[in-house]
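Residues per chain are reported as follows:
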Amino acid sequence: MWPVADGAWQIRLPLPWALTSVNVFLFHTDGGDLLLDTGIRSAESLLSLESALQSVGSGWNCITGILVSHLHPDHIGAAAELRRRTGAPVRMPDIEAELVKPLGPDRKFFAEAAAFLRQHGMPAPQVDALREQAAAGSGLAERLVVDGTIEEGEQIRFLGGTLEAIAAPGHSPGQLCFFWPEQRVLFSTDAILPHVTPNIGVHWFYRDNPLGEYLVTLDKLRGLDAGKVVPSHGRPFKGHREWIDNTRLHHGRRCDSIVDLLGDKPMNAFEIAGAVWGEDRSLFDRRFGMAESLSHLAYMELEQRVAAVEVVGVTCWTKA
Ligand SMILES: [Zn+2]
């Protein structure tokens, strides 16, 4: 746990993944403490959070609001559990709240996910294995009651000043970042991350043009007078404009390399991801690779650089 600046704390919580930790944030207000994001719902993460809160004189009964930046399990996973422990309302972006509604034990969400993966070329045995892993995973299997939404431009007051909610779609459709103008701090959530490019993917719940939306988000964030970026994974850093310029170049190069792969025979996203990142990856990585390839393909389809064709029920891609 580290102070970001007066009145705001960064708390690092453990993740049992290749990405080993997620940052959540605590803001003191004169009416209790606000928590931004929750970590996953694991005993280890909840214990870490509890002891971090205690170390700054906070605790479950001091939390008066839970804000969630977006619906990924490392950000929202413990929200239902924390809502129970603290009695505090959970608020999140309206687009994400709509997506969370159908989650829960009925598994409809997983059936839609499976159909989507098959449509883009993932072989059935791998889809079934992923589906089992996902259904057993923490956080998604529990229905979350969302008490309210956070609107773009909303000013959230705390003792250190104000947090302005900034819509930052791309990594997820309704993700929010938060700018703290008094300290020139950008809480970039997963829109800007040090050392890695955030996953920008087409998913069954986010089909249109995530990469196009993300590039617009980057332009918007580039315009902020941020002295420091405080991301949801990794350490704070300076130089958001340089990061954004490099990331734009990265996505441009990725688009070019995907076009270069496409020859006479149409390829599906599963094959394209295998060619870009290798076929010996974990299922989890292959799914994210597919989603990421699809975001580049969808973007280039609008630019008429590639075209989609159906081949026996599977969406494949060719040069336009
Ligand atoms: Zn995320």
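Residues numbered from 1 in each chain as written. Predicted model: local features only at pLDDT ≥ 70, side-chain atom pairs only at ≥ 80, totals over all residues. Heavy atoms only, no water.

All right, on to the overall build of the protein then. For the protein, the count of helices and strands is 10 helices and 15 strands. Relative to a compact globule of 320 residues, whose C-alpha radius of gyration would be 20 Å, the protein shows 20 Å and is just as compact. Principal-axis analysis of the C-alpha atoms gives the protein an extent of 65 × 45 × 30 Å. The buried share of the protein, taken over its 320 residues, is 55%. Contacts spanning at least 24 positions in sequence make up 64% of the contacts within the protein whose residues lie at least 6 apart. When the accessible surface of the protein is totalled, it reaches about 13800 Å², and 52% of it is carbon and sulfur. One finds the centroid of the 30 positive side-chain charges in the protein at a distance of 2 Å from the centroid of its 40 negative side-chain charges. (Helix = DSSP H or I, 4+ residues; strand = E, 2+ residues; numbered from the N terminus. Rg over C-alpha atoms; globule rule 2.2 N^0.38 Å. Buried < 20%, exposed > 50% of the residue type's maximum accessible area, 1.4 Å probe, protein only. Contact = heavy atoms within 4.5 Å. Areas by Shrake-Rupley, 256 points an atom, 1.4 Å probe, with all protein chains shown as cover. Lys, Arg positive; Asp, Glu negative; His and termini not counted. Charge placed at Lys NZ, Arg CZ, Asp CG, Glu CD.)

Here we come to the coordination of the zinc ion. Coordination sphere of the zinc ion, protein contribution only: H70 (NE2), H72 (ND1), H171 (NE2) and D190 (OD), at 2.1 to 2.2 Å. All donor residues of the zinc ion come from one chain, and their arrangement in sequence is H-x1-H-x98-H-x18-D. Linking H72 in the loop between β5 (63-67) and α2 (73-76) with D190 in the loop between β11 (185-189) and α7 (210-222), this pair joins segments that are 118 residues apart in sequence. (Donors = N, O, S within 2.8 Å, 3.2 Å for Na, K, Ca; no water.)

Its 12 residues give helix α5 (residues 108-119) an end-to-end C-alpha distance of 17 Å, which sits within 8% of 16 Å, the value for a rise of 1.5 Å per residue. Listing the buried residues of α5 in full gives F109, F110, A113, A114, F116 and L117. An end-on view of α5 places all buried positions within 165 degrees of arc, on one side of the element. Immediately beyond the C-terminal end of α5, within one or two residues, lies G121, with a positive phi of roughly 105 degrees. (Expected span 1.5 Å × (residues − 1). Arc of directions from axis to C-beta.)

Turning our attention to the sheet that holds β5. In space, the seven strands of this open sheet follow the order β1-β2-β3-β4-β5-β6-β7, with mixed pairing throughout. A single partner strand is all that each edge strand has here, and the edge strands are β1 (2-5) and β7 (148-150). Between one strand axis and the next, the sheet turns through 30 degrees on average, direction left out of account. Here strand β3 (residues 21-29) runs beside strand β4 (residues 32-36); their pairing, made up of five bridges, is antiparallel. Bridging from a neighbouring strand, H28 pairs with D33 of β4. (Pairing = 2+ DSSP bridges. Axes fitted to C-alpha atoms, helices over the stretch in contact; angles between N-to-C directions.)

Another aspect to go through is the pairing of strand β10 (residues 176-180). Among the five residues that make up β10, five are buried, leaving the element largely enclosed by the rest of the structure. With burial as the criterion, each face of β10 is covered, one bearing L176, F178 and W180 and the other bearing C177 and F179. Across four bridges, strand β9 (residues 161-167) lies against β10 in antiparallel orientation. Across the sheet, A165 pairs through a bridge with F178, a residue of β10. In this structure, the hairpin formed by β10 and β11 is closed by a connection of four residues, where R184 is found at a positive phi of approximately 55 degrees.

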